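Listed below are the residues making up each chain.
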Amino acid sequence: MANKKKTAKAQADARANDIITYKILGAFLAACVCVFILMTISSQYQIGNQFLAVHEGLMTVGIIAALVALLGFLFLIIDRFASNRTIKIIGAILLPVGLLVWISCLLMYYFYIHAITILCFLYPAAAVLYLVYLIYQSEFFALSIDCVVCAFAFYILSKLLSAPLSYVGILIIVGIVAINAALLFLTVYSKKCDGKLTFGKKEVKFLAFKVSDKILFSTAALMLVGLALSLILGAMTAYVFLFITLIYLFIMAVYYTIKLM
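Residues numbered from 1 in each chain as written. Predicted model: local features only at pLDDT ≥ 70, side-chain atom pairs only at ≥ 80, totals over all residues. Heavy atoms only, no water.

A. Highlighting helix α7 (residues 235-260). Relative to the 38 Å expected for 26 residues at 1.5 Å per residue, α7 spans 38 Å between its end C-alpha atoms, a close match to the ideal helical length. Turning to α7, its buried residues number three or more, namely A235, T237, A238, F241, L242, T245, Y248, L249, M252 and Y256. Where the residues of α7 are buried, they touch α4 (138-160) and α6 (212-233). (Helix = DSSP H or I, 4+ residues; strand = E, 2+ residues; numbered from the N terminus. Expected span 1.5 Å × (residues − 1). Buried < 20%, exposed > 50% of the residue type's maximum accessible area, 1.4 Å probe, protein only. Contact = heavy atoms within 4.5 Å.)

Dropping the structure here:
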C-alpha cells in the first residue's frame, strides 16, 4: 500500500513538472512569435507607401483585440455563476491575449518604431518572468519584476536625461519609486505575518529564508540609489545602472537557483 502511494505521488509530481515545462515552452514560443510579428510590422512601417495601411491596420486589430479581451472578461464573470470549466479556460485565454494585443497595438499606433523596440524587449522579459513565477520562490519573482522594470526604466532615463526632463521621465521616476515602495511594503508586511502573504483564500510563502527580507531591502535600496545618482549625475549614470541592475539580477538568479537544489 505504501509503495502504491509513493508511486502515485511520483506520477502526480511528474505530471505537474510536465505541465510546468509545457507552460514554459509555450510562453517562450509565444514570445518568439510576437517578436517575429513585431519585426515584420517594423519592416512594413519603413516602406513609405505601406505606412498608412499598417497604421490603420493596427487601429483595427487593436479594436478587435479589446473586444476579445472584453469577451474573455465576460466569460470569467459567467464562470463565477455557472462554474463551467470550458468557459473558464476560454475566458482565461481570451482576456490576457486580447489585452496583450490591444496594448501592443495602442503603443505602436502612437509611438511607431520606438514602441516596437520596447516591445521586442518586453515580450522575452515577460516569458522569463513567467518561468521565474512557475519555478522559483515568490520573493525572487518579486525581486525579478523589480529589477526588470528598473533596468528598463534606467535604459529610458539614459535617453531622456540628456535633455530637460519631460513628463515621460517624470512618470518613469514615479514608477521606480512606486514599485520599490511596493516591494518594501510587501517585505515588511510579510515579515510581520511569519513571511506569508494572503491573496483572498490563497496563502503564499513570500519570505522563504532567514535573509530574504535583507535581500529585498537591499534590492529596493540599490534601485533607489541608482535613481538618485542618475538624477544627480545624468544619463551616463543611468546607463551604467542598467548593467549594474542586470548583473545584480544574474547574481540573485544564481543564488536562488542554488537554493532550489
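B. Up close: the nonpolar core. Counting residues in hydrophobic clusters, the biggest one holds 36 residues, and the most contacted among them are F140, L143, F154, L157, I176 and M252. Listed by contribution, the elements that provide at least two residues to this core are α3 (85-135), α4, α5 (167-192), α6 and α7. A total of 11 residues in this core trace back to one element, the largest contributor, which is α4. Sequence-distant contacts of L157, that is, excluding residues within four places in its chain, are made with G169, I172, I173, I176, L227, A235 and A238. The next biggest cluster of nonpolar side chains, apart from the first, holds 12 residues, and it includes C34, L38, L58 and L119. (Core = buried A, V, L, I, M, F, W, Y, C linked by side-chain atoms within 4.5 Å.)

C. Expanded view of the environment of H55. Inspection of the secondary structure puts H55 in helix α2 (residues 51-82). Note: C-alpha distance between H55 and S42 (13 residues apart in sequence) is 11 Å. If sequence neighbours within four positions are ignored, H55 has contacts with Y45, Y109 and Y112.

D. Geometry of the packing of aromatic side chains. Taken as a whole, this structure holds 9 aromatic pairs when the rule is applied. For the pair F121 and F152, a centre-to-centre distance of 5.6 Å together with 10° between the ring planes defines the contact as stacked. Of this pair, F121 sits in helix α3 while F152 sits in helix α4, and the two are 31 residues apart along the sequence. Between Y239 and F243 the ring centres are 5.2 Å apart and the planes differ by 80°, which places this aromatic pair in the edge-to-face class. Linking Y239 with F243, this pair stays in helix α7, spanning 4 residues, or about one helical turn. Here Y239 falls in the partly exposed class, since its relative accessible area comes to 37%. F243 gets classed as partly exposed once you look at its relative accessible area, which sits at 41%. Through a chain of ring-to-ring contacts, three or more aromatic side chains come together here, namely Y136, F140, Y255 and Y256. (Phe/Tyr/Trp six-rings, centres within 6.5 Å; stacked < 30°, edge-to-face > 60°.)

E. Examining the packing of α4 against α5 more closely. The contact between α4 and α5 brings their axes to 10 Å, and the two run at 160°. Relative to α5, the element α4 is oriented roughly antiparallel. The way α4 lies across α5 gives a crossing that is left-handed. On α5, the residues that touch A142, I145, D146, V149, C150, A153, F154, I156, L157 and L160 of α4 are V168, G169, I172, I173, I176, I179, N180 and L183. Here the contact of α4 with α5 is built from residues that sort into 15 nonpolar, 2 polar and 1 charged. (Axes fitted to C-alpha atoms, helices over the stretch in contact; angles between N-to-C directions. Parallel < 35°, antiparallel > 145°, perpendicular 65-115°, else oblique. Left-handed = near helix turned anticlockwise from the far one by under 90°. Nonpolar A, V, L, I, M, F, W, Y, C, P; charged D, E, K, R; others polar.)

F. Focus on the pattern of salt bridges. Inspection of every chain in the model, using the stated rule, returns 1 salt bridge. In this structure, the salt-bridge partner of D213 is K191, at a minimum N-O distance of 2.9 Å. Residue D213 is located in helix α6, and its partner K191 is located in helix α5; the two are separated by 22 residues in the primary sequence. (Salt bridge = Lys/Arg side-chain N within 4 Å of Asp/Glu carboxyl O.)

G. The environment of A65, seen in detail. Structurally, A65 can be placed in helix α2. Relative accessible area serves as the criterion here: at 6%, A65 is assigned to the buried category. Setting aside its immediate chain neighbours within four residues, A65 contacts G98, V101 and W102.

H. Inspection of the side chain of E139 at higher detail. Its place among the elements puts E139 in helix α4. You can call E139 buried: its relative accessible area is 0%.

I. Spotlight on α3. Here α3 is 51 residues long, yet its end C-alpha atoms lie only 25 Å apart, well below the 75 Å a rise of 1.5 Å per residue gives. The largest bend in α3 amounts to roughly 135° and is located at F111. (Bend = angle between axes of the 7 residues up to and from the residue.)

J. Quick look at the packing of α4 against α7. Packing of α4 against α7 leaves a shortest axis separation of 8 Å and a crossing angle of 160°. On the basis of the axis angle, α4 is roughly antiparallel to α7. Every pair of crossing elements has a handedness; the one defined by α4 and α7 is left-handed. Here α4 contributes E139, F140, L143, S144, C147, V148, A151, F154, Y155, L157 and S158 to the contact with α7, which in turn contributes A235, A238, Y239, F241, L242, T245, L246, Y248, L249, M252, A253 and Y256. The class makeup of the residues in the contact of α4 with α7 is 19 nonpolar, 3 polar and 1 charged.

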